[in-house]
Amino acid sequence: MAVLELANISKHFGAIQAVNDVSFSLAAGEVVGLMGDNGAGKSTLVKMIAGNFRPSHGTMQLDGQDLILHKPVEARQRGIEIVHQDLALCNNLTAAANVFLGREIRRGFGPLRILDYKTMYRRAGEIFRELKSETRPRDLVKQMSGGQRQAVAIARTMLAEAKLVLMDEPTAAISVRQVAEVLALIRQLRDRGIAVILISHRMPDVFSVADRVIVMRRGRKVADKPIAASSPEEVTGLITGAIEQV
Amino acid sequence: MAVLELANISKHFGAIQAVNDVSFSLAAGEVVGLMGDNGAGKSTLVKMIAGNFRPSHGTMQLDGQDLILHKPVEARQRGIEIVHQDLALCNNLTAAANVFLGREIRRGFGPLRILDYKTMYRRAGEIFRELKSETRPRDLVKQMSGGQRQAVAIARTMLAEAKLVLMDEPTAAISVRQVAEVLALIRQLRDRGIAVILISHRMPDVFSVADRVIVMRRGRKVADKPIAASSPEEVTGLITGAIEQV
Amino acid sequence: AKKQLVIVVKGLDNPFFEAINQGCQKWNKENPDSEYECFYTGPASTSDEAGEAQIVQDVLGKAETAAIAISPSNAKLIAQTLKTANPKVPVMTLDADLAAEDSALRKTYLGTDNYLMGARIGEYIKKAKPKGGKICTIEGNPGADNILRRAQGMRDTLTGQKGLAELKGEGGWTEVAGCPVFTNDNGATGVQAMTDILAANPDLDAFGIMGGWPLFGAPQPYRDLFKPMAEKISKNEFVIGAADTIGDEVAIAKEGLVTALVGQRPFEMGYKAPSVMMDLIAGKPVEDPVFTGLDECTKDTVDTCIQK
Amino acid sequence: MAITLDQTIAQKQRSWFASVFASQTFWVLVAVVLACIFLSFATSSFATPANLYNITRNVTFIAIIALGMTLVIITGGIDLSVGSVLCLCSMVLAVTMHAGYGIGTGIAASIGTALVVGAFNGILIAYLGFPPFVVTLGMLSIARSLAMVASNNTVVFQFGPDHDKLLALGGGAWLFGIANPVLYMAVLALLTGFVLRWTRFGRYVFAIGGNEHAATLTGVPVRKIKVAIYMISALSAGVAGIIQTGWLGAVTTNIGAGMELQVIAAAVIGGANLAGGVGTAFGAIVGAALIEVIRNSLGLLGINAFWQGTFIGGAIVLAVLFDRLRNLRQSE
Amino acid sequence: MAITLDQTIAQKQRSWFASVFASQTFWVLVAVVLACIFLSFATSSFATPANLYNITRNVTFIAIIALGMTLVIITGGIDLSVGSVLCLCSMVLAVTMHAGYGIGTGIAASIGTALVVGAFNGILIAYLGFPPFVVTLGMLSIARSLAMVASNNTVVFQFGPDHDKLLALGGGAWLFGIANPVLYMAVLALLTGFVLRWTRFGRYVFAIGGNEHAATLTGVPVRKIKVAIYMISALSAGVAGIIQTGWLGAVTTNIGAGMELQVIAAAVIGGANLAGGVGTAFGAIVGAALIEVIRNSLGLLGINAFWQGTFIGGAIVLAVLFDRLRNLRQSE
Ligand SMILES: Nc1ncnc2c1ncn2[C@@H]1O[C@H](COP(=O)(O)OP(=O)(O)OP(=O)(O)O)[C@@H](O)[C@H]1O
Ligand SMILES: Nc1ncnc2c1ncn2[C@@H]1O[C@H](COP(=O)(O)OP(=O)(O)OP(=O)(O)O)[C@@H](O)[C@H]1O
Ligand SMILES: [Mg+2]
Ligand SMILES: [Mg+2]
């Protein structure tokens with residue numbers, strides 16, 4: 001059964017048609033690579049699934065139930081995790097605080113529950129270790145390198161059991177070592193039956209981890225086919241427009 | 001003759017040794033790929049060359065003359081252009097305004113020179129076209145996609161004839177089509193005799209365009225060899241630490 | 001260091017209090033050999049009531065302080081401050097007094113009788129327009145007690161009744177909508193508001209100006225406003241009674257642009273205060289209150305009305 | 001394909017028309033116009049030449065300073081010292097002229113004072129990295145204190161030999177019966193608008209407000225521009241002070257007290273964004289106009305003095321409401 | 001390899017010690033302590049019990065409001081209405097008690113007023129997206145105007161049957177001869193410090209100030225927290241008003257005028273950053289203390305009244321200078 005089902009989704013900002021009549025569905029444990037030129041509308045599309053924007057037209061379903069999101073936190077409650085392209089980090093907080101933002105671990109009873117710094121530092125440390133990222137949980141995000149910031153954002157999705165993880169260029173600024181980790185992580189998610197949408201400009205990543213590839217051009221879906229039936233050359237052609245549609 | 005010559009450059013932030021005793025030299029028209037794990041100190045190193053930080057130790061020479069930079073603009077005056085990892089864009093300005101920031105084109109005489117909007121829009125449009133980027137010169141950068149922003153930042157380096165162009169992950173968030181353009185651009189720069197330092201986590205990019213690769217790990221230079229004499233596997237090993245040093 | 005006879009005023013931003021300071025300094029100049037010196041202080045702004053109370057406390061805590069004269073901007077607040085501080089040195093009030101029920105907290109009051117001052121302004125207005133008419137009262141800071149007292153004095157005189165907060169035809173006088181106007185001790189604000197009121201009420205008969213701000217703080221726009229009405233003012237068809245004789249005010253009176261000025265004598269207050277304080281220290285009997293006089297100027301008396 | 005790329009590059013996301021409708025300034029202007037229309041019908045005394053003369057003149061002092069403030073706000077700064085600087089500059093002018101110097105000397109001294117104060121603010125902010133709020137809050141206190149020292153806290157109302165020239169400068173109406181201050185304001189507004197739109201300096205001001213770090217990296221002389229901005233702000237306060245002195249005909253040490261908040265309110269109502277990067281000269285004027293129209297109308301409508309504050313405060317909030325509602329609807 | 005990764009992860013970039021030295025609060029505290037030591041030697045009247053009693057008590061009103069203001073500033077907002085809200089709440093308390101109600105009712109009415117005002121500010125800011133500066137500037141005007149209406153612009157100094165209780169509340173010294181307001185301040189400061197450091201609410205306050213967009217994306221109830229923050233700010237003004245009323249024994253419509261700038265100065269001097277994301281409860285207290293020590297010392301040292309503003313302004317700037325110099329040296 002489809003975990004996620006999009007039907008005729010469109011989104012426009014004023015005169016700009018960012019996403020135009022896109023439909024697709026996604027099965028549990030399926031990894032879909034979402035590719036396309038800059039400005040093709042990929043981020044806008046996943047932001048609608050994550051509750052950041054509301055579609056101008058079209059409907060979405062999660063597990064067969066209507067998915068109408070008014071705010072991002074509702075998406076998370078429904079089991080949709082997202083790694084934003086701009087990472088959504090608070091520079092003035094520590095890495096651990098950012099990882100747990102919105103789902104802090106607390107101890108104590110009733111109204112007198114206080115933040116459990118120790119546990120959060122420990123858990124964050126564990127996740128970073130799992131990601132093989134040299135990120136210090138107690139340091140401020142402000143002073144971190146691009147890759148460390150990416151690691152913090154990815155660590156968030158590993159806190160809860162999600163049904164669907166949306167990753168908007170999670171490997172853009174991280175090193176080979178961590179790219180491999182992130183791809184391994186995506187495979188782990190898949191094995192646990194979690195569906196993943198991976199936005200990436202890195203052909204090798206998509207081809208090594210995705211089951212299917214969806215290509216967007218100028219807001220429209222121009223291809224949606226199994227990886228096995230495609231090739232990097234074809235996808236490149238679709239992205240640039242050399243190949244019109246498949 | 002070496003365009004750029006670094007001798008024993010170190011930089012620490014408080015207790016953190018970001019760059020540790022790095023030396024290398026760069027010939028005119030040479031493209032060097034600078035690779036390394038996140039936090040390895042790559043950005044810190046190029047920021048010193050671009051005048052953002054001053055080295056804690058060590059000396060730099062440009063064209064055989066001491067390079068002592070107090071502020072970024074001095075680097076540019078000496079012919080060093082940089083594309084920053086965080087792009088250094090003003091969200092409230094148009095794409096064209098960002099491209100020309102600090103070197104606006106003006107018309108008129110003497111003190112009564114006014115901004116030449118028309119020429120700047122036109123020139124910016126030309127550069128975007130050259131970069132094959134769908135970026136509208138008259139639109140605010142605020143609403144642009146990650147790749148469009150990248151294009152704006154790269155467009156800046158194409159305004160003047162530089163001796164040395166530093167690119168801190170210029171291909172991180174841009175699409176295949178534009179990656180190819182950026183790489184072509186780097187080759188063009190090389191052919192014009194301009195030296196390029198390309199920081200990237202994308203192995204294929206570095207191997208397709210660079211003459212030499214320098215690998216950093218934990219602030220130290222662990223490898224510096226011609227591309228031809230290396231392999232992606234070796235570099236990966238150097239980055240992760242599986243190979244200690246070459 | 002010399003022992004200090006301290007004068008605490010409501011605020012330094014007011015030229016009126018500067019005149020008190022001048023008096024204080026003159027006393028210092030004339031008494032260089034005294035074991036005392038007159039020391040003048042106050043909060044930066046007249047509206048800073050709590051600030052004045054804090055300064056009073058600071059002064060009372062100082063070893064040099066031999067006596068203190070206070071011009072309370074919030075009488076109740078200063079009374080409360082004095083109650084808690086329980087000062088060992090003599091305390092008097094200057095320019096503005098404490099409430100009657102708190103009068104035991106100070107030895108004497110030296111200064112203008114504010115109620116009388118307002119009453120005198122009222123008398124000038126009443127004399128010019130015996131049948132009454134429409135009036136607008138211009139006040140200063142909304143919380144300023146001395147101004148409120150003057151307004152009361154004026155209202156009481158105009159109506160012959162006591163304690164009316166607003167005139168609605170009593171004694172023939174009506175306060176127009178939008179009045180009283182609070183200028184916040186700002187000349188420009190005052191004159192702008194008067195301009196608006198006059199535009200909205202072309203049939204207005206009188207202004208009762210309880211603090212001289214619009215005249216001495218914005219003399220030029222004031223002139224611009226009333227020059228066209230000079231004729232009416234001279235015929236008592238329009239009446240302006242105003243407080244103070246500061247700055248350009250007397251010249252304005254001379255030009256016939258105000259019916260009457262009733263001024264205080266702040267210099268005299270500042271000059272006399274040290275002597276009164278020394279008497280208090282010495283335990284000599286001192287009158288309570290000691291009123292300083294009022295200078296009353298009309299167009300005809302401008303050359304002689306100010307007591308030097 | 002090449003055609004579509006070219007088309008995209010030539011495109012502009014929002015038309016000129018749409019941008020106007022999207023701007024707060026436009027909606028505040030609408031509010032001002034509506035208020036004026038309403039007042040013209042509701043009261044007989046609003047649309048009279050005398051009242052309009054007064055209103056336009058009253059606007060100018062806030063508006064002129066709001067022009068300078070708008071520049072400061074665009075760079076992401078704030079200048080709380082303007083009210084006190086106005087007082088200090090007025091006092092320097094008054095004291096100089098009172099001492100027998102001519103109006104030229106007086107104005108020069110006054111402007112010089114403004115520039116020194118502004119340079120002080122600017123240098124601390126730009127070169128030593130002080131928060132603008134702190135520096136200018138300190139200057140708020142210092143400048144007024146110096147005005148007291150300069151004048152010995154007296155009222156100055158005699159301006160020496162050039163007394164009448166000064167009064168004519170501020171109080172006259174040399175052109176078409178328009179009050180002089182209004183003319184100065186118009187000239188300064190046009191100048192500011194021109195600088196912001198057409199000069200490199202103006203471009204840099206916006207760049208600094210948008211992303212100061214980026215501006216530094218790209219070689220914008222951020223520090224110098226910031227110093228200049230605070231000097232301009234102080235200068236605008238000084239100019240307003242000179243004109244106001246000519247209008248009032250007297251200077252006391254409390255003029256301009258509390259003016260900083262009104263000026264900032266005018267700039268913000270006119271669309272300047274305290275987070276930096278956004279603002280226009282025209283907006284500053286419109287914002288100041290709204291505040292003055294409200295103030296004036298309260299008097300004309302005879303609103304109870306106790307309630308006036310509620311109306312003024314309410315109007316400040318309402319001014320921005322138009323804009324907010326439009327934005328909210330759009331973001332749905 | 002695994003060991004070094006573990007080591008890195010366990011590392012913290014700056015030790016606790018280094019962070020203390022890097023904090024502005026620390027340097028301002030040093031300044032306060034140095035000033036106190038200097039004054040103890042320079043004047044005989046500073047280090048007297050009576051003077052210390054006064055100083056500590058005077059600090060409290062600014063400090064209590066600065067606690068609330070610090071929360072607002074951490075979220076990147078500002079609250080200009082606190083002075084007027086203090087006035088309104090004092091007046092509501094005074095008028096209620098004057099009308100014969102008990103102190104409990106009076107305080108409840110006063111606190112209720114504060115919460116309503118705060119909620120109004122907060123809802124406009126959080127739900128309608130108004131700029132905090134504009135909303136609270138409007139409220140600055142509105143609240144004082146309402147205080148005039150509530151009291152008919154009279155001085156209230158009789159507080160009905162519970163008159164003495166109220167005066168004892170604000171003017172007494174129930175514990176070890178420490179003025180009551182100081183005790184309240186200490187309790188409130190500890191509470192604020194605890195909330196900021198140990199509760200989820202506090203964490204969210206910082207997150208909103210750091211990156212509001214990110215906070216929204218990650219599910220922080222940004223709007224609710226913002227409303228709460230402005231309610232807390234108004235509440236702190238209300239509490240300060242109640243205490244101040246008990247101390248002063250009289251309320252006029254003037255009290256709290258101009259206080260907003262002092263409060264913000266205290267918070268900023270204490271290290272709160274107006275750009276949001278940074279601030280501490282302790283800093284608010286230290287900032288307020290510095291301002292009060294300077295104010296007090298000018299009187300004790302017999303500084304000429306005209307020059308006092310220069311000293312206060314200079315001190316505000318100097319307070320931040322320590323911090324700036326240290327930063328400049330470090331960034332070399
Ligand atoms: N909030 C917004 N308001 C107006 N236009 C927007 C907004 N967000 C995106 N756009 C526009 O919508 C189009 C699609 O943008 P989007 O960010 O979805 O592209 P993308 O495929 O994610 O590109 P990239 O690979 O560069 O991240 C672009 O033209 C962009 O300028
Ligand atoms: N301004 C700074 N203050 C303190 N520490 C810093 C600063 N800038 C960088 N660092 C630290 O220095 C180290 C090197 O950072 P740098 O940004 O040079 O890494 P990088 O190699 O560019 O990583 P990435 O590939 O993720 O961009 C990191 O540990 C980082 O946290
Ligand atoms: Mg995107
Ligand atoms: Mg980097």
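Residues numbered from 1 in each chain as written. Chains lettered and ligands numbered in written order. Predicted model: local features only at pLDDT ≥ 70, side-chain atom pairs only at ≥ 80, totals over all residues. Heavy atoms only, no water.

- The name that an unreviewed UniProt entry assigns to chain D is Monosaccharide ABC transporter membrane protein, CUT2 family, with the source organism given as Rhizobium tibeticum.
- Its UniProt record, at the heading Subcellular location (unreviewed entry), says of chain D: "Cell membrane". (UniProt positions renumbered as here; feature names shortened; annotations may be inferred.)

- Chain A goes by Galactose/methyl galactoside import ATP-binding protein MglA in an unreviewed UniProt entry, where it is assigned to Rhizobium tibeticum.
- Within the UniProt record for chain A, the comment given under Sequence similarities (unreviewed entry) is "Belongs to the ABC transporter superfamily."

### Brief notes about the overall build of chain A
- Check the secondary structure of chain A and you find eight helices and twelve strands.
- Against the 2.2 N^0.38 benchmark of 18 Å for 246 residues, chain A shows a C-alpha radius of gyration of 18 Å, consistent with a compact globule.
- Along the three orthogonal principal directions, the C-alpha set of chain A runs to about 55 × 35 × 35 Å.
- The buried share of chain A, reckoned over its 246 residues, is 61%. (Helix = DSSP H or I, 4+ residues; strand = E, 2+ residues; numbered from the N terminus. Rg over C-alpha atoms; globule rule 2.2 N^0.38 Å. Buried < 20%, exposed > 50% of the residue type's maximum accessible area, 1.4 Å probe, protein only.)

### With respect to the relation of the copies chain D and chain E
- In screw terms, the move from chain D to chain E is a rotation of 180 degrees and a rise of 0.1 Å along the axis, fitting with an RMSD of 0.1 Å. The transformation relating the two chain copies, once decomposed into turn and shift, fits a two-fold axis.
- Counting the interface residues of chain D, we find that 100% of their copies in chain E are interface residues as well, pointing to one common contact surface. (Least-squares fit on C-alpha atoms with pLDDT ≥ 70 in both. Contact = heavy atoms within 4.5 Å.)

### Overview of the packing of helix α4 (residues 114–128) of chain C against helix α5 (residues 145–159) of chain C
Residue and element names in this part refer to chain C.
- Viewed as axis vectors pointing N to C, α4 and α5 meet at an angle of 40 degrees, and their least axial separation amounts to 6 Å. By the angle class used here, α4 and α5 are oblique. The two elements α4 and α5 meet at a crossing, and its hand is right-handed. Residue-level inspection shows Asn114, Tyr115, Met117, Gly118, Ala119, Ile121, Gly122, Glu123, Ile125 and Lys126 of α4 in contact with α5, the latter providing Asn146, Arg149, Arg150, Gln152, Gly153, Met154, Asp156, Thr157 and Leu158.
- Considering only residue class, the contact of α4 with α5 consists of seven nonpolar, seven polar and five charged. (Axes fitted to C-alpha atoms, helices over the stretch in contact; angles between N-to-C directions. Parallel < 35°, antiparallel > 145°, perpendicular 65-115°, else oblique. Left-handed = near helix turned anticlockwise from the far one by under 90°. Nonpolar A, V, L, I, M, F, W, Y, C, P; charged D, E, K, R; others polar.)

### Overview of the interface of chain D and chain E
- With 42 residues of chain D at the contact, the number on the chain E side is 42 residues.
- Interface area lost by chain D to chain E is led by Phe133, Leu261 and Phe306 of chain D, which between them contribute 19%.
- On inspection of chain D and its partner chain E, the count reaches five residue pairs in polar contact (both at pLDDT 80 or more).
- At the level of secondary structure, the elements contributing two or more residues to the side of chain D that touches chain E comprise α7 (132–151), α13 (259–269) and α15 (305–331) of chain D. (Buried area = accessible area lost by both parts, 1.4 Å probe. Polar contact = N/O pair within 3.5 Å; in protein donor to acceptor, adjacent residues only side chain to side chain.)

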